[in-house]
Amino acid sequence: HPSPNTQPTTYFTEIAIGDSILTPATIPATVTDASASVPRTSSVALHHDDRLLRITFFTGNLVSANRVTYAYRLIGLSDKWIYTEDNYASFFSLAPGNYTLEVKASDEDGEWGEVSRLSISVAPPFYLSIWMISVYVILLAVAFFLAFRYLRQRQKNSMEEEKRKIEQGQQVQLSEMKLRFLTNI
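Keep in mind the model is a prediction, meaning the values are calculated, not measured.

So, how was this worked out
- Residues numbered from 1 in each chain as written.
- Predicted model: local features only at pLDDT ≥ 70, side-chain atom pairs only at ≥ 80, totals over all residues.
- Heavy atoms only, no water.
- 1 Å grid on protein atoms, 1.4 Å probe; cavity = no way out; pocket = protein on both sides within 12 Å on 5 of 7 lines; lining within 4 Å.
- Points joined across faces, edges and corners; volume = space filled by probe spheres on them.
- Nonpolar A, V, L, I, M, F, W, Y, C, P; charged D, E, K, R; others polar.
- pLDDT = per-residue confidence, 0-100.
- Helix = DSSP H or I, 4+ residues; strand = E, 2+ residues; numbered from the N terminus.
- Contact = heavy atoms within 4.5 Å.
- Pairing = 2+ DSSP bridges.
- Buried < 20%, exposed > 50% of the residue type's maximum accessible area, 1.4 Å probe, protein only.
- Axes fitted to C-alpha atoms, helices over the stretch in contact; angles between N-to-C directions.
- Polar contact = N/O pair within 3.5 Å; in protein donor to acceptor, adjacent residues only side chain to side chain.
- Core = buried A, V, L, I, M, F, W, Y, C linked by side-chain atoms within 4.5 Å.

Could you give an account of empty space enclosed by the protein, with specific residues and numbers?
Taken as a whole and judged by the stated rule, the model has one cavity of 30 Å³ or more. For the largest cavity, the calculated volume is near 40 Å³. Taken together, Leu46, His47, Asp50, Arg51, Leu52, Leu53, Phe91, Phe92, Ser93, Leu94 and Val122 form the lining of the largest cavity. In terms of residue class, the lining of the largest cavity is made up of seven nonpolar, two polar and two charged.

Can you tell me about the confidence of the model for the chain, naming the residues and giving the values?
With 84% of its residues at a pLDDT of 70 or more, the chain has an overall mean of 83. Ranking the elements of the chain by mean pLDDT puts strand β2 (residues 20-22) last, at 79, and strand β5 (residues 69-75) first, at 95. Taken as a whole, residues 24-37 scores under 50 in pLDDT and shows 19 contacts with residues more than four places along the chain or in a different chain.

Tell me what's going on with the pairing of strand β4 (residues 52-58), and back it up with residues and numbers.
Bridge count between strand β1 (residues 11-17) and β4: six bridges; the pairing is antiparallel. Each residue of the ladder has a partner; that of Tyr11, found in β4, is Phe58.

Go over unusual backbone geometry, please, and point to the residues and values.
With a phi angle near 45 degrees, Ser93 is a residue other than glycine that sits in the positive phi range. With respect to the helices and strands, the residue Ser93 is situated in the loop between β7 (88-92) and β8 (97-106). We classify Ser93 as partly exposed; its relative accessible area is 43%.

Now, about the sheet that holds β1: what can you tell me, with residues and values included?
Taken in spatial order, the four strands make up an open sheet running β2-β1-β4-β7, and their pairing is antiparallel. The open sheet has two edge strands, β2 and β7, and neither has a second partner. Here the strands of the sheet are splayed against their neighbours by 20 degrees on average, with no regard to which way each runs. As judged from the three bridges shared by β1 and β2, these two strands associate in the antiparallel manner. Opposite Ala16, over in β2, you have Ile21 as the bridge partner.

Could you give an account of the environment of Ser116, with specific residues and numbers?
Tracing the sequence through the fold places Ser116 in strand β9 (residues 116-122). For the pair formed by Ser116 and Leu101, sequence separation is 15 residues and the distance between their alpha carbons is 8.1 Å. Excluding residues within four positions of it along the chain, Ser116 makes contact with Thr10, Phe12, Leu101, Glu102 and Val103. Only 2.5 Å separates the side chain of Ser116 from the backbone oxygen of Thr10, close enough to count as a polar contact.

Give me the side chain of Asp107: which residues, what numbers.
In this fold, Asp107 is placed in the loop between β8 and β9. A polar side-chain atom of Asp107 sits 3.0 Å from the main-chain amide nitrogen of Glu111.

Quick one: what's the story with the nonpolar core, residue by residue and with numbers?
By size, the foremost hydrophobic cluster in this structure holds 23 residues, and its most contacted members are Leu53, Ile55, Leu94, Leu101 and Ile120. Secondary-structure elements contributing two or more residues to this core are β1, β3 (43-46), β4, β5, β7, β8 and β9. Among the elements that take part in this core, β8 stands out by supplying four residues, more than any other. When sequence neighbours within four positions are dropped, the list of residues in contact with Leu53 reads Ile15, Ala16, Ile17, Leu46, Ala89, Ser90, Phe91, Leu94 and Ile120.

Here is the structure:
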């Protein structure tokens, strides 16, 4: 165990998503080194519908484990440190985005150790993914284009109708003038 002059180092000992406990074999290789032990894991990815995330941590000091105080914060959610005697942190229904869990521990003398970090990424639902947002933007642009084209065509048709009425009125006036001219002769 650590010597009395050593500041405690915090390790992540368990990561649970809902009822599933992540082990090195179940942590996706694209997110972290799948051969690493959970204490060395530096990141974890969640789906948008993962409701409960529980992360357990430990200093490795079995002798004075009940005298350790932990502090943690989830950057991206809050910058405020939460102090606890419990060796875990639970988070419910995290919004899509990227977070960093920071955990530190103090020994019985109140000396705080180095901060351990775990990156947490929560993927958005498919309808809010970058691809779907691109599709929405394209559809919106097409809708604006079609609406603009429709209104322009409508205005053009209205102007042509107005022009036709004016020409027809001029034809009627011309015919009346010819008729008057001939009747006056």
